[in-house]
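For reference, the chains in residue letters:
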Amino acid sequence: MAADKQNEAKVSHPDENKENLPDGGLGLEILQIIKESQQQHGLRHGDYQRYRGYCSRRLRRLRKTLGFKMGNRHKITTYTQTVCLMYLLLVLMEAERAWSYAMQLKQEANTEPRKRFHLLARLRKAAKHSEKLEKLCESPRVDAKTKLEAQAYTAYLSGMVEFELQEWKRAMEAFNKCKTIYEKLASAFTEELAVLYRQRVDEISPNIRYCAYNIGDQNAINDLMQMRLTGGGGGMMAEKLEALITQARTKQAATMSEVEWRGRTVPVKIDKARIFLLGLADNEAAIAQATNEETKEHLYETLLAECRDTIQAVREELKSEAKQRERSSDADSGKVSNLQFLHSYLTYIKLCTLVKRNESMAHTLQAKLKEPEADESKRGPRPQDLIRLYDIILQSLAELSTLQGLEDDHTFQKEVSLKTLVYKAYRCFFIAQSYVLVKKWSEALVLYERVLKYAKEVQSKAKSFNNSLKDLPDVQELIAEVSAEKYSLQAAAILGSCVDGLVDVYPSSSSIQPLCDRLETFRLDPTLVGKQPNLVQFPPDFQPIPCKPLFFDLALNHVAFPPLDDKVEQKGKGGLTGYIKGIFGFGS
């Protein structure tokens, strides 16, 4: 609520805006207001429903502040009776509310196609409100900049309506008009506002090129592919780009009937596999051209997702083929079928893509590992992270060697074993570095020797596989790095072993012992000639002393005392007679 009031404060004082304008007209920062509102109320996370609720609440507050009701059952109050900054904001919020509701319905229309009709109705409503805003801004009280922004806003929403109706020519005209206005505004005002205008131009550009492609401009597809590489056209436009690329590949898939791999030609009858194999070269070229790591990671994930879907489609066909084999008695069970070989080829592509993706992530982490840590509070990359990546790479290579149809291909098996040795060397190198961090010198030295063993083995076997090593890391650089690390490690081990025997010439104040306790060790202690020399420990520590002994009479249990029966008085036997005598005094 506090953020809402701050946004309203920007436009609630028309007199202040008058002073900032040369002609004294009303000024409304339309693009700035809607961008800030969208970022603060849900659109940063694509939550259009939250933004629509914000627009409704703000409209209610504006109407309450202005005392401007919708009307009653007899009449409807219009905006043409007055032109004020708050009234302009009121119409703008109504257009934004309708637009946000349309975008929310667009997200829901993926699973409920009937909502597309409601979506078009709300987009038309948003465009109608924007036309009202443009008409209000034609008043002489409104400054020229606000008029231009209102025209650009109207052109943008009109273009969105035509875009959804697939009226490509009219949509392109509206978007071009919007783009031209924002480019002119960006060149005429401050850099802070120019950034907002350029961002809106970048948002519109993919729509313009998509419209141009649908009109018939074949060069626009190249521009769209380049925008896909740079990460442009996010959100709904990204979905349309993917659909467009899939549509173009589907048209080309009709001409593809077979694929050749490892000296064997395999017919491709599954449409999904055809589309994927046609786009494989384009995807690999896009990954090679991508300069941004986030874009490259996104392209890798997209390629892997497509590959998994294609493998699943081939696997379903394999199940039906296996049932047919069971029914037929003359089936040749020893030979790998074409469909199974195609499945192995697609699995090979998936595993190789996984290896390349993890290797790319490893290169990024290595570069960060060599950089000094700017902020010690944040956890930076560690050798353990690289060990995990190389574990995944080795696991993928192990799966490669077990692909069906390639068990007897000795050249392929040797290539996989050679790649395994290379990545084992790198994994062993980073394990050694993790031991160096905890000062386990002997273990690290042994692991460095293992790295050199793997690297030399790769060099000896790589002479006949020159083409196989073109995509692998350079082993020679690893050997040079390990040799340098070995010398520094030996020096650190020697220094570490001598640290305990070396004399601490300038000890820290917390580790200084009193002079009386270190008479046999020389230390340059400047405090001895100061005002408070540390000669003895005062007060001295308590020392244990023997306490006063306690004596126990242990011999008493073993002494035999003489009998005293003769000195003890013997009493007579009592009974009833004795009792009677005692009563009468006879016994006394």
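Counting from 1, residues in each chain are numbered in the order their sequence is written. Only residues with pLDDT of at least 70 get local features here, since the model is predicted, and only at 80 or more are side-chain atom pairs given and counted; chain-wide, interface and lining totals rely on the full set of residues. Side-chain numbers come from the whole structure's heavy atoms, not from hydrogens or water.

1. What to know about the overall build of the protein
A tally of regular secondary structure across the protein gives 19 helices and two strands. In what follows, a contact means two residues having at least one pair of non-hydrogen atoms within 4.5 Å. If you take every contact in the protein between residues at least 6 apart in sequence, the share linking residues at least 24 apart comes to 65%. Numbered from the N terminus, helices here are DSSP runs of H or I no shorter than four residues, and strands are runs of E no shorter than two.

2. Overview of the environment of isoleucine 33
Residue placement: isoleucine 33 occurs in helix H3 (residues 30-40). For isoleucine 33 and methionine 93, which are 60 residues apart along the polypeptide, the C-alpha to C-alpha distance reads 9.9 Å.

3. Overview of a nonpolar patch on the surface
On the surface, Leu535, Val536 and Phe538 cluster together into a nonpolar patch covering about 350 Å² of accessible area. With respect to the secondary-structure elements, valine 536 resides in the loop between helix H18 (475-498) and helix H19 (576-584). With a 1.4 Å probe rolled over the protein chains alone, any residue whose accessible area is under 20% of its type maximum counts as buried; one over 50% counts as exposed, and the rest are partly exposed. The class for valine 536 is exposed, based on a relative accessible area of 51%. Patch building starts from residues that exceed 30% relative accessible area and form no salt bridge, then joins like charges within 9 Å and nonpolar side chains (Val, Leu, Ile, Met, Phe, Trp, Tyr) within 5 Å. Where accessible areas are quoted, they stem from the Shrake-Rupley method and a 1.4 Å probe; at the residue level, only the protein chains shown are allowed to cover. What makes a salt bridge here is a side-chain nitrogen of Lys or Arg within 4 Å of a carboxyl oxygen of Asp or Glu, nothing more.

4. Some words on the nonpolar core
Here the nonpolar core consists of buried residues drawn from Ala, Val, Leu, Ile, Met, Phe, Trp, Tyr and Cys, with membership extended through side-chain atoms lying within 4.5 Å. Formed by 68 residues in total, the largest nonpolar core has its most connected members in Leu277 and Leu342. Listing elements by their share of this core, those giving two or more residues are strand S1 (258-261), helix H12 (271-289), helix H13 (293-327), helix H14 (338-370), helix H15 (383-400), helix H16 (410-437), helix H17 (441-461) and H18. Here this core takes 13 residues from H16, the largest share from any one element. Residue ranges assigned to the domains are those given by an automatic or database domain assignment. Among the domains, domain 2 (256-325 + 336-370 + 381-387) and domain 3 (409-495) are the pair contributing at least three residues each to this core. Ile34, Ala150, Cys178 and Tyr182 belong to the second-largest nonpolar core, a separate cluster that totals 63 residues.

5. Digging into the packing of aromatic side chains
Working definition: a ring pair exists when centres of Phe, Tyr or Trp rings (six-membered ring for Trp) sit within 6.5 Å. Plane angles under 30 degrees give stacked, over 60 give edge-to-face, the rest tilted. Tallied over the entire structure, the rule returns 17 aromatic pairs. Judged by centre distance (5.7 Å) and plane angle (50 degrees), the rings of phenylalanine 163 and tyrosine 210 are tilted. Placement of phenylalanine 163 in helix H7 (residues 144-164) and of tyrosine 210 in helix H9 (residues 191-215) is noted, with a sequence separation of 47 residues between them. For the pair formed by phenylalanine 163 and tyrosine 210, the shared burial category is buried. Geometrically, the ring pair formed by tyrosine 390 and tyrosine 423 is tilted, given 6.2 Å between the ring centres and 35 degrees between the ring planes. Remark: tyrosine 423 occurs in helix H16 and tyrosine 390 occurs in helix H15; sequence separation between them is 33 residues. Members of the aromatic cluster, connected to one another through ring pairs, are Tyr390, Tyr423, Tyr426, Phe429, Phe430 and Tyr448. Over the ring of phenylalanine 189 we find lysine 145; its NZ or CZ atom is 4.7 Å from the centre of that ring. We count a charge as sitting over a ring when the NZ of a lysine or the CZ of an arginine lies within 6 Å of the ring centre and within 35 degrees of the ring normal. Between arginine 264 and the ring centre of phenylalanine 341, over which it is positioned, the NZ or CZ distance is 4.6 Å.

6. Details of the confidence of the model for the protein
pLDDT is a per-residue confidence score from the predictor, ranging from 0 to 100. Across the protein, the average pLDDT comes to 79, with 77% of residues at or above 70. Averaged pLDDT values for the elements of the protein fall to 37 in helix H2 (residues 14-20) and rise to 93 in helix H6 (residues 115-136). Scored below 50 in pLDDT, residues 8-23 makes 23 contacts in the model with residues more than four places away or belonging to other chains. In the model, residues 499-506 has pLDDT below 50 throughout and makes four contacts with residues more than four positions away in sequence or in other chains.

7. Here we look at unusual backbone geometry
A cis amide bond links phenylalanine 538 with the next residue in sequence, proline 539, at an omega value of -5 degrees. If you trace the backbone, proline 539 turns up in the loop between H18 and H19. If you check the backbone angles, glutamine 166 has positive phi at about 60 degrees while not being a glycine. Looking at the element boundaries, glutamine 166 is found in the loop between H7 and helix H8 (168-188). On the accessibility criterion, glutamine 166 (52% relative accessible area) is exposed. Phi angles above zero are rare outside glycine, and lysine 439 is one such case at about 65 degrees. The residue lysine 439 is located in the loop between H16 and H17 in this model.

8. Some points on the pairing of strand S2 (residues 264-267)
When DSSP finds two or more bridges between a pair of strands, those strands are recorded as paired. In terms of strand pairing, S1 meets S2 through four bridges, oriented antiparallel. Each residue of the ladder has a partner; that of glutamate 258, found in S2, is proline 267. Linkage of S1 to S2, two consecutive antiparallel strands, is achieved through a turn of two residues, within which arginine 262 is found at a positive phi near 55 degrees.

9. Comments concerning the packing of H6 against H7
To obtain an axis, a line is fitted to C-alpha atoms, over the contacting stretch when the element is a helix, and the angle between two such axes runs from 0 to 180 degrees between their N-to-C directions. Packing of H6 against H7 leaves a shortest axis separation of 9 Å and a crossing angle of 160 degrees. The angle between the axes of H6 and H7 places the two elements in the roughly antiparallel class. Our pair here, H6 against H7, has a crossing hand that is left-handed. Residue-level inspection shows Arg116, Leu119, Leu120, Leu123, Arg124, Ala126, Ala127, Ser130, Glu131, Leu133 and Glu134 of H6 in contact with H7, the latter providing Ala150, Gln151, Tyr153, Thr154, Leu157, Ser158, Met160, Val161 and Glu164. Here the term charged refers only to Asp, Glu, Lys and Arg, the term nonpolar to Ala, Val, Leu, Ile, Met, Phe, Trp, Tyr, Cys and Pro, and the term polar to all other amino acids, Gly among them. The residue inventory of the contact of H6 with H7, partitioned by class, reads eleven nonpolar, four polar and five charged. Oblique is the label for any angle not under 35 degrees, not over 145, and not in the 65 to 115 range, which are roughly parallel, roughly antiparallel and roughly perpendicular in turn. If you view the pair so one helix is near and one far, a crossing is left-handed when the near helix is turned anticlockwise from the far one by less than a right angle, and right-handed when it is turned clockwise.

10. Notes on the environment of alanine 493
Examined against the element boundaries, alanine 493 turns out to sit in helix H18. A relative accessible area of 27% means that alanine 493 is categorised as partly exposed. Note: C-alpha distance between alanine 493 and leucine 445 (48 residues apart in sequence) is 9.7 Å.

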